[in-house]
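# Observations on chain architecture
Read off the chains here:
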Amino acid sequence: KEKKRHMGDTKHFCPVSLKENFVLYPGLYEHAAKYREKIYYFSTSEYRDKFLKNPEEYVAHNEPIQAPPLRVCLLGTHGTGKTTCARQIADKLGIFHIQFEEYLQELILPKTKQKVGPNFDEEAEEDDNKMPILSQELDNFSQTMTKTETEKSKQEVELTDEEEAIKANLMHNEALPPEVLDNIVLDWWRKEPFRSTGFILDGFPRTLDEAQYLSERGLCPDVAVYIQVEESDILDRLFPPRLKKWKERQYKKMENKKKLKDLKAKIRV
């Protein structure tokens, strides 16, 4: 029966979602309406009512209705090679590549001055500053300077509520509030140059809440791809560089201990 029906210009997709959000959102049979002997399906009853008030705004006239560009969500655990694949796909299809966590880092980088999170080591930067000054006079001076620099740094790195939420997400995997996601994600679907070019979104959504957020906002990707890789392959890929970093940190600590021992020996003499 469905095949015999005369479908509207947008077929089984909601014409209001397409017109207002430039998204192909599948309509539901229970939210259908007939206009000029054609059947239109809508994502919600509100959109159906909106269409019926002014249908001419949502139907094709002289030219077919333009379809939105390709939007892809690429998912997978850390270390599966999502970013490598996403770059290649983006280059091949001529669409934008958006690495979600990297984008979050860039939003707060002007204030934090360095990337934050469990994958980024802060110890390496701190090691050089841990060498104590054994002279009491210089030690007091150093403590005063350190206190002043800390207070100055606190003043410079005062994050907004949104930036604090982003930092907590990167460091402790705390959920991003919907209002923060609104300021980030909506633009990729609704604003240029992403709106007319399309994109591959690498690493989002990461949780059920984020997937529900996309659904509630009517932001439908055309394709969602999940990359599944054996744990042993991920371990082989990630372990060697992590081990190398750990060895470098251990070497720096040993060097600092040696410098401290030599400094104490000089003072005793």
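What you see is a predicted model; the values in this text were computed from it and never measured.

## Description of the overall build of the protein chain
The helix and strand tally for the protein chain stands at eleven helices and six strands. Relative to its 269 residues, the protein chain shows a buried fraction of 30%. Relative to all contacts within the protein chain whose residues are 6 or more apart in sequence, the contacts with residues 24 or more apart total 70%.

## Focus on the nonpolar core
If you look at the biggest cluster of nonpolar residues, it comprises 26 residues, and the most contacted ones within it are Phe100, Val185, Trp188 and Trp189. Put simply, the parts of the chain that give this core at least two residues each are α4 (100-112), α7 (161-172), α8 (178-190), β5 (199-202) and α10 (208-216). For this core, the element with the most residues is α8, which contributes seven residues. Counting residues in hydrophobic clusters, the runner-up holds nine residues, among them Cys14, Tyr40, Tyr58 and Val59.

## Re the confidence of the model for the protein chain
When pLDDT is averaged along the protein chain, the result is 85, and 84% of the positions lie at 70 or above. Considering only residues more than four positions removed or in separate chains, one finds that residues 122-138, a stretch of pLDDT under 50, has 20 contacts.

## As for the packing of aromatic side chains
One pair of aromatic rings is described through two measures. These are the centre distance and the angle between the planes. All chains considered together, the criterion is met by ten aromatic pairs. Between Phe42 and Phe51 the ring centres are 4.9 Å apart and the planes differ by 50 degrees, which places this aromatic pair in the tilted class. Taking relative accessible area as the criterion, Phe51 reaches 0% and is therefore assigned buried. Judged by centre distance (4.5 Å) and plane angle (40 degrees), the rings of Phe100 and Phe204 are tilted. Here Phe100, found in helix α4, pairs with Phe204, found in the loop between β5 and α10; they are 104 residues apart in sequence, far enough to count as distant. The burial state of Phe100 is the same as that of Phe204; both residues are buried. Here the aromatic cluster, defined as three or more aromatic residues joined through ring pairs, consists of Tyr35, Tyr40, Phe42, Phe51 and Tyr58.

Conventions and cut-offs
- Residues numbered from 1 in each chain as written.
- Predicted model: local features only at pLDDT ≥ 70, side-chain atom pairs only at ≥ 80, totals over all residues.
- Heavy atoms only, no water.
- Helix = DSSP H or I, 4+ residues; strand = E, 2+ residues; numbered from the N terminus.
- Buried < 20%, exposed > 50% of the residue type's maximum accessible area, 1.4 Å probe, protein only.
- Contact = heavy atoms within 4.5 Å.
- Core = buried A, V, L, I, M, F, W, Y, C linked by side-chain atoms within 4.5 Å.
- pLDDT = per-residue confidence, 0-100.
- Phe/Tyr/Trp six-rings, centres within 6.5 Å; stacked < 30°, edge-to-face > 60°.

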